[in-house]
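Report on the structure
Here are the chains, one letter per residue:
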Amino acid sequence: MGTLKSRLSLLYFLQFAVWGCYLSCFGQLLGAGGLGKDIQWFYAAVGIVSLVTPALMGHMADRFVASRNLLGACHLSAALAMFVAWAYADAHPQMEFWVFFIIYLAFLAFYMPTLALANTTTFAILKSHGERPVDHFPSIRVWGTIGFVAAMWFVNSAYYHDGTFGFTLSDSDEASPFRFQYNSMQLLAASVVGVLTAVYVTTLPAVKTHAGGGKSSMSDIFGLKAFRLFKVKPIRVFLIFAVFTGVCLQISNGFAIPYINHFMGVEEYAGSLAAGNATMLVSLSQLSEAVCILFVGVAMKRIGFKWVVALALLAWCLRFLFLGIGNPGSGLWLFVASMLVYGVAFDFFNISGHIYMDQMSDRENKGFGQGMLMMMTNGIGATFGMIAAGSVINSYCHWEMVAVGPSQMRLFMGEWTSPWLIFAGYALAVGIVFALVFRAGKGNHTADSTSHIA
């Protein structure tokens, strides 16, 4: 079992390293490329794509193509699309919205399904070896977080300029403005890791589909039968709240680093280590995630799924609150606290949710269950959440050229506290309502639940 867990752990390390290369610092790249006012649309694109492709690919994995093979094909296609995105951004310092947006949509169309497909593949491989996912998945999935952090550290400090490649953390280094976290090289790094992931997937044990091909209705083709999950009331209520929780998922991904970077243009905090290394500071969130993921299974057994999700929403509230009242100086500890509570916010909802959906879905609908959760959170929730969040932030802040040491940088300046407090209040309200409304079905908290979706 040790060797199998190691192989699956490496899958997640590579899987999330692709995302870690660019997701957190993408907003700064967009701002520098003249698309700062459109950040919300690029992060909302994650949701737009998740409305269709995860459920569609989940159906294909359930019916037609071995999930391992489909996972590898999606990773390779996503890597190629990301390479095109890098080539365009590298050649166009000021980018056209629709050109870059369409290229990025192509990347997401293939990458987003891999998040659910990796889970489906892993659960199937574990079960084929007589293992329960609830016992092993958290310690496997944690390597995805480690991969995400490793990628963030790499792009935070790596630079390439005038034929020279190196690493630096110092803003006083003349190569500092050329670090990957500020430019298109973050996209090239993501593309390279994507190719490595696609190759690695081919080495994993084959996973058989549960049903043959045959005729499919339009609802099969577009994954609409995933909505059959709404027939079970506890799942229906959870998925509805998954939409509202999904609103929180992309906000800090899209805006935390531009927010922290903006302090480089504030005289009081100019030159602070934290403001100039925002990507590394935000990586503390993923380190917290790596630790907290190990407690998800224990928490589900001790306090139940309902209170695990309620704690996650309280943590989202604190995440936004601490960002809003912190700073890179005397308030640095609040930034650190915001990063640390992220582990509870993300893991206690996301990981427990995937385990819950696997427990509550019958054998032929595991892919549907995983894809449906992705659709509701990263799809509907994240889409409308980012559009709304972008509107709020753009009403308080704007991009402008600011002197940073001897050079000029485009930073997202403005009054940031109010937006973060608005987001904190929203998360708290959703958490309170969830705690009052959700009632878990019998057996939902056990790994050997036999509930089926007709």
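The present account deals with the structure reproduced in this document. (Residues numbered from 1 in each chain as written. Predicted model: local features only at pLDDT ≥ 70, side-chain atom pairs only at ≥ 80, totals over all residues. Heavy atoms only, no water.)

**What about the overall build of the protein?**
Test applied: Only DSSP runs of H or I covering at least 4 residues are called helices, and only runs of E covering at least 2 are called strands; the numbering of each starts at the N terminus. Exposure categories follow from relative accessible area, calculated using a 1.4 Å probe and restricted to protein chains: below 20% of the type maximum is buried, above 50% is exposed, and the middle band is partly exposed. Contacts are assigned to residue pairs that have any heavy atoms within 4.5 Å of one another.
Assigned secondary structure in the protein consists of 17 helices and four strands. Here the protein holds 454 residues, and 61% of them are scored as buried. Look at the contacts in the protein between residues 6 or more apart in sequence, and 80% of them connect residues 24 or more apart.

**Section: the pairing of strand E3 (residues 397–404)**
In plain terms, the rule: At least two bridges found by DSSP between two strands is the condition for calling them paired.
Both E3 and strand E4 (residues 407–414) contribute to a ladder of eight bridges, which runs antiparallel. Across the sheet, residue Ala403 finds its bridge partner in E4, namely Gln408. The antiparallel hairpin formed by E3 and E4 contains two residues in its connecting segment, where Gly405 sits at a positive phi of about 65°.

**Re the packing of helix H7 (residues 133–157) against helix H13 (residues 278–292)**
The test is simple: Fitting a line to C-alpha atoms yields each axis, with helices limited to the stretch in contact; the angle taken between N-to-C directions then spans 0 to 180 degrees. What sets the label is the angle itself: under 35 degrees gives roughly parallel, over 145 gives roughly antiparallel, 65 to 115 gives roughly perpendicular, and the rest give oblique. Under the scheme applied, nonpolar residues are Ala, Val, Leu, Ile, Met, Phe, Trp, Tyr, Cys and Pro; charged residues are Asp, Glu, Lys and Arg; polar residues are all the others, including Gly.
Interhelical geometry of H7 versus H13 gives an angle of 170° and a closest axis separation of 9 Å. Viewed along their axes, H7 and H13 adopt a mutual orientation that is roughly antiparallel. Along its contact with H7, which presents Arg141, Val142, Thr145, Ile146, Phe148, Val149, Met152, Trp153, Val155 and Asn156, the element H13 presents Ala278, Thr279, Met280, Val282, Ser283, Gln286, Leu287, Glu289 and Ala290. Residues of the contact of H7 with H13, tallied by class, amount to 12 nonpolar, five polar and two charged.

**Examining the nonpolar core**
What counts is decided by this rule: Within this scheme, the nonpolar core is defined by two criteria: the residues are buried Ala, Val, Leu, Ile, Met, Phe, Trp, Tyr or Cys, and they are joined through side-chain atoms within 4.5 Å.
Core analysis: the biggest nonpolar cluster contains 150 residues, and Tyr22, Phe26, Phe100, Phe107, Leu187 and Phe238 have the highest contact counts within it. The element best represented in this core is helix H6 (residues 97–128), accounting for 16 residues.

**A look at the state of the cysteines**
The line we're drawing: Here, two cysteine sulfur atoms that lie within 2.5 Å of each other are counted as a disulfide.
Under the definition given, this model contains zero disulfides. Sulfur of Cys317: no disulfide; nearest cysteine sulfur belongs to Cys248 and is 9.4 Å away. For Cys317, a relative accessible area of 9% gives the class buried.

**What about the packing of aromatic side chains?**
Two aromatic rings, taken as a pair, are described by how far apart their centres are and by the angle between their planes. Note the following rule: Pairing of aromatic side chains here covers Phe, Tyr and the six-membered ring of Trp, requires ring centres within 6.5 Å, and sorts the geometry by plane angle: under 30 degrees stacked, over 60 edge-to-face, intermediate tilted.
Scanning all chains against the criterion turns up 52 aromatic pairs. Centre to centre, the rings of Trp316 and Phe320 are 5.7 Å apart; their planes meet at 25°, and the pair counts as stacked. Placement of the pair is Trp316 and Phe320 together in helix H14 (residues 296–325), with a separation of four residues, close to one helical turn. One exposure class covers both Trp316 and Phe320, and it is buried. Plain terms: the ring middles of Phe320 and Phe423 are 5.9 Å apart, the flat faces sit at 70° to each other, and that makes the pair edge-to-face. Placement of the pair is Phe320 in helix H14 and Phe423 in helix H17 (residues 417–437), with a sequence separation of 103 residues.

**Looking at the packing of helix H11 (residues 251–261) against H14**
Note the cut-off: Crossing chirality is assigned from the near helix's rotation relative to the far helix, an anticlockwise turn below a right angle marking it left-handed and a clockwise turn marking it right-handed.
H14 packs onto H11 with a crossing angle of 15° between their chain directions and a minimal axis gap of 12 Å. Between H11 and H14, the interaxial angle falls into the category roughly parallel. Relative to H14, the crossing made by H11 is left-handed. For the pair formed by H11 and H14, the contact residues are Ile251, Ser252 and Tyr259 on the first element and Trp316, Arg319, Phe320, Leu323 and Gly324 on the second. By residue class, the composition of the contact of H11 with H14 is five nonpolar, two polar and one charged.

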